[in-house]
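Here's the letter readout for the chains.
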Amino acid sequence: MERRQKKQVLLFYCVEAEDLARKVAAQSDLVQLQSINWRSFDDGFPNLFIKNAHDIRGQHVAFLASFSSTSVIFEQLSVIYALPMLFAASFTVVLPFFPTGSFERIEEEGDVATAFTLARMLSNTPISRGGPTSLVIYDIHALQERFYFNDTILPVFETGIPLLKQRLQQLPKSDKIVVAFPDDGAWKRFHKLLDHFPMVICNKVREGDKRIVRIKEGDPAGCHVVIVDDLVQSGGTLIECQKVLAAHGAAKVSAYVTHGVFPKRSWERFVHKNEESEKAFAHFWITDSCPNTVNAIASKAPFEVLSLAGSIADALQI
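It should be emphasised that the depicted structure is a prediction, and the values quoted were computed from it without experimental measurement. Residue numbers run consecutively from 1 along every chain, following the written order of its sequence. Reporting of local features is limited, given that this is a predicted model, to residues whose pLDDT is at least 70; pairs of side-chain atoms are given and counted only at 80 or more, and all residues count toward the totals for whole chains, interfaces and linings. The side-chain values count all of the structure's non-hydrogen atoms but skip hydrogen atoms and water molecules.

S.K.: Just checking my understanding: could you explain the overall build of the protein chain for this structure?
M.R.: Numbered from the N terminus, helices here are DSSP runs of H or I no shorter than four residues, and strands are runs of E no shorter than two. Counting its regular elements, the protein chain contains 9 helices and 15 strands. Its C-alpha radius of gyration of 21 Å places the protein chain within 12% of the 20 Å reference for a compact globule of 318 residues. Across its three principal directions, the C-alpha atoms of the protein chain cover 65 × 50 × 45 Å. Think of it in three bands: with a 1.4 Å probe and only protein chains considered, a residue is buried below 20% of the maximum accessible area for its type, exposed above 50%, and partly exposed in between. The buried share of the protein chain, taken over its 318 residues, is 47%. Long-range contacts, defined as pairs at least 24 residues apart, comprise 66% of the intrachain contacts of the protein chain with a sequence gap of at least 6. Accessible surface, the protein chain: about 16,400 Å² in total, of which carbon and sulfur atoms supply 50%. Both charge centroids of the protein chain, one from 34 positive and one from 36 negative side chains, sit 3 Å from each other. What the globule rule says is 2.2 Å times the number of residues to the power 0.38, and the radius of gyration is computed from C-alpha atoms. Residue contacts are counted whenever heavy atoms from the two residues lie within 4.5 Å of one another. Residue exposure ignores everything except the shown protein chains as possible cover, and the areas themselves are Shrake-Rupley values with a 1.4 Å probe. Charge convention: Lys and Arg are scored as positive, Asp and Glu as negative, and His as well as the terminal groups of each chain are ignored. By convention, charge coordinates are those of NZ in Lys, CZ in Arg, CG in Asp, or CD in Glu.

S.K.: Any chance you could explain the environment of Phe 284 here in plain terms?
M.R.: Looking at the secondary structure, you find Phe 284 in strand 14 (residues 284-287). Through-space distance from the C-alpha of Phe 284 to that of Glu 18 is 24 Å; in sequence the pair is 266 residues apart.

S.K.: In this structure, what is going on with the sheet that holds strand 8 (residues 153-158)? I would like to understand it.
M.R.: Two pairing modes exist for strands in a sheet, parallel and antiparallel, and in both the strands are linked by backbone hydrogen bonds. Strand pairing follows a simple DSSP-based rule, namely that at least 2 bridges must link the two strands. On the basis of which strands lie adjacent, the open sheet formed by 6 strands has the order 2-1-5-6-7-8 and parallel pairing. The sheet is open, and its two borders are formed by strand 2 (31-33) and strand 8, each paired with just one other strand. Between one strand axis and the next, the sheet turns through 25° on average, direction left out of account. Pairing of strand 1 (residues 9-13) with strand 5 (residues 60-64), which is carried by 5 bridges, proceeds in the parallel orientation. Paired with Phe 12 across the strands is Phe 63, a residue of strand 5. To get an axis, a line is fitted to the C-alpha atoms, and for a helix only the part in contact is used. The angle between two axes follows their N-to-C directions and goes from 0 to 180 degrees.

S.K.: Explain the packing of aromatic side chains here, please?
M.R.: Each Phe, Tyr or Trp ring (for Trp, its six-membered ring) is paired with any other whose centre lies within 6.5 Å, and the angle between the two planes then decides the class: stacked below 30 degrees, edge-to-face above 60, tilted in between. Overall, the coordinates contain 11 aromatic pairs when judged by the stated rule. A centroid spacing of 6.2 Å and a plane angle of 85° characterise the contact between Phe 45 and Phe 74, whose relative ring orientation is edge-to-face. Placement of the pair is Phe 45 in the loop between strand 3 (36-40) and strand 4 (46-50) and Phe 74 in helix 2 (residues 70-82), with a sequence separation of 29 residues. With 6.0 Å between their ring centres and 40° between their planes, Phe 281 and Phe 284 make a pair best called tilted. Both residues of the pair, Phe 281 and Phe 284, count as buried. Here the aromatic cluster, defined as three or more aromatic residues joined through ring pairs, consists of Phe 262, Phe 270, Phe 281, Phe 284 and Phe 303.

S.K.: Would you mind going over helix 4 (residues 161-169) with me for this structure?
M.R.: Since one α-helical turn is 3.6 residues long, residues separated by three or four positions face the same way. Considered for burial, the residues of helix 4 that qualify are Ile 161, Leu 163, Leu 164, Arg 167 and Leu 168. Taken down its axis, helix 4 places every buried residue within 155° of arc, on the same side. Buried residues along helix 4 sit in contact with strand 9 (177-181), helix 5 (184-190), strand 12 (224-232), strand 13 (252-260), strand 14 and strand 15 (303-306). It is the directions from the helix axis to the C-beta atoms that the arc portrays.

S.K.: Which parts of the structure should I look at to understand the pattern of salt bridges?
M.R.: A pair can form between side chains of opposite charge whenever their charged atoms are brought close. Think of a salt bridge as a Lys or Arg side-chain nitrogen and an Asp or Glu carboxyl oxygen that are within 4 Å of each other. Scanning the entire structure with this criterion turns up 7 salt bridges. Between Arg 189 and Asp 139 there is a salt bridge; the shortest N-O distance is 3.6 Å. Of this pair, Arg 189 sits in helix 5 while Asp 139 is found in the loop between strand 7 (133-138) and strand 8, placing the two residues 50 residues apart along the sequence. With relative accessibility at 3%, the residue Asp 139 sits in the buried group. The residue Lys 252 makes a salt bridge to Asp 175 at a minimum N-O spacing of 3.4 Å. Taken together, the positions of Lys 252 in strand 13 and Asp 175 in the loop between helix 4 and strand 9 put the pair 77 residues apart, joining distant regions of the chain. A relative accessible area of 30% places Lys 252 in the partly exposed class.

S.K.: What is the right way to read the environment of Val 179 from this model?
M.R.: Note on placement: Val 179 falls in strand 9. Exposure remark for Val 179: the relative accessible area of 0% places this residue in the buried category. Each C-alpha atom, one on Val 179 and one on Val 226, is 4.9 Å from the other, the two residues being 47 residues apart in sequence. Sequence-distant contacts of Val 179, defined by excluding residues within four places in its chain, comprise Leu 194, Phe 197, Pro 198, Met 199, Val 200, Val 226 and Val 228.

S.K.: Would you take a moment to explain helix 2 for this structure?
M.R.: For helix 2, which comprises 13 residues, the first-to-last C-alpha distance of 19 Å matches the rise-based estimate of 18 Å (1.5 Å per residue) to within 8%. The set of residues buried in helix 2 consists of Val 72, Ile 73, Glu 75, Gln 76, Leu 77, Val 79 and Ile 80. Looking at the packing, one finds that the buried side of helix 2 touches strand 3, strand 4, strand 5, strand 6 (90-94) and helix 3 (114-123). A helix's residues, less one, multiplied by 1.5 Å, set its expected span.

S.K.: Teacher, can you tell me more about the sheet that holds strand 12 here?
M.R.: Taken in spatial order, the 7 strands make up an open sheet running 11-10-9-12-13-14-15, and their pairing is mixed. Bordering the open sheet on either side are strand 11 (210-217) and strand 15, each of which pairs with just one other strand. For this sheet, the mean angle separating the axes of adjacent strands, direction not counted, is 25°.

S.K.: Any chance you could explain the side chain of Arg 167 here in plain terms?
M.R.: Here Arg 167 shows up in helix 4. Apart from the residues lying within four places of it in its own chain, the contact partners of Arg 167 are Trp 285, Glu 304 and Leu 306.

Set out below in structure tokens:
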């Protein structure tokens, strides 16, 4: 059987994702970085220029995006719409964190499912010479969101869990690892990827006006418990889970989330400031899917960044 020939990829990137793009290029000789002039007019609207546009003809092209705020989405969509029209042989968009993913449901009339809105915007990416655009996303909040995209784009859903498994293998052998999930949703998403670890499932129950975290299943006693979820915002649920796990005898508690969103610097509540804070979370692993957070938490215990660069380089060969 003839082996599939690997392809050279021209990788463009947004300003925020430059560090990650350079790491991706360092992972593979087949990835060549390209640049864009990200300028603005006096009124604030983008004034963009794709360098070496003629060199794109007949090439496999990719764009590494970061939609960290509404203010940067328009300029990046403008580039995403332009690149495949420069006669690219194929086009791939890598959006590690799909930021509206947790706003995917309508629970009452009047709710706006902004995940659907963003999916429609990305689905309008022009078709390249090679066909529909590939869209690579890591640990999207709800897998059913694949049906929000129309047939002009091919969503490719990847996960950061292999990075966690690799990191856990590097921990001291004396650490007996148990994986914990903060709710049934996280368990449904990730338990098949981590089924060789003992598991604890937590859930929230309502007591009056309060929602209390309790252990639904499993025993954390005497173990290093790693809480696993797709993303963190304020971190309140993780903190409540840690307290419950510690109360049930966990030797230490760590956390992994693919997307460290942490709005309003909420990561600060996890930073080790004294011995007591060190007892709260031994490790807090995130990926570099949210570049602004990576810059903010650099060298701050207990945080450690597991880079998606190798996985992205592999995804560009799909």
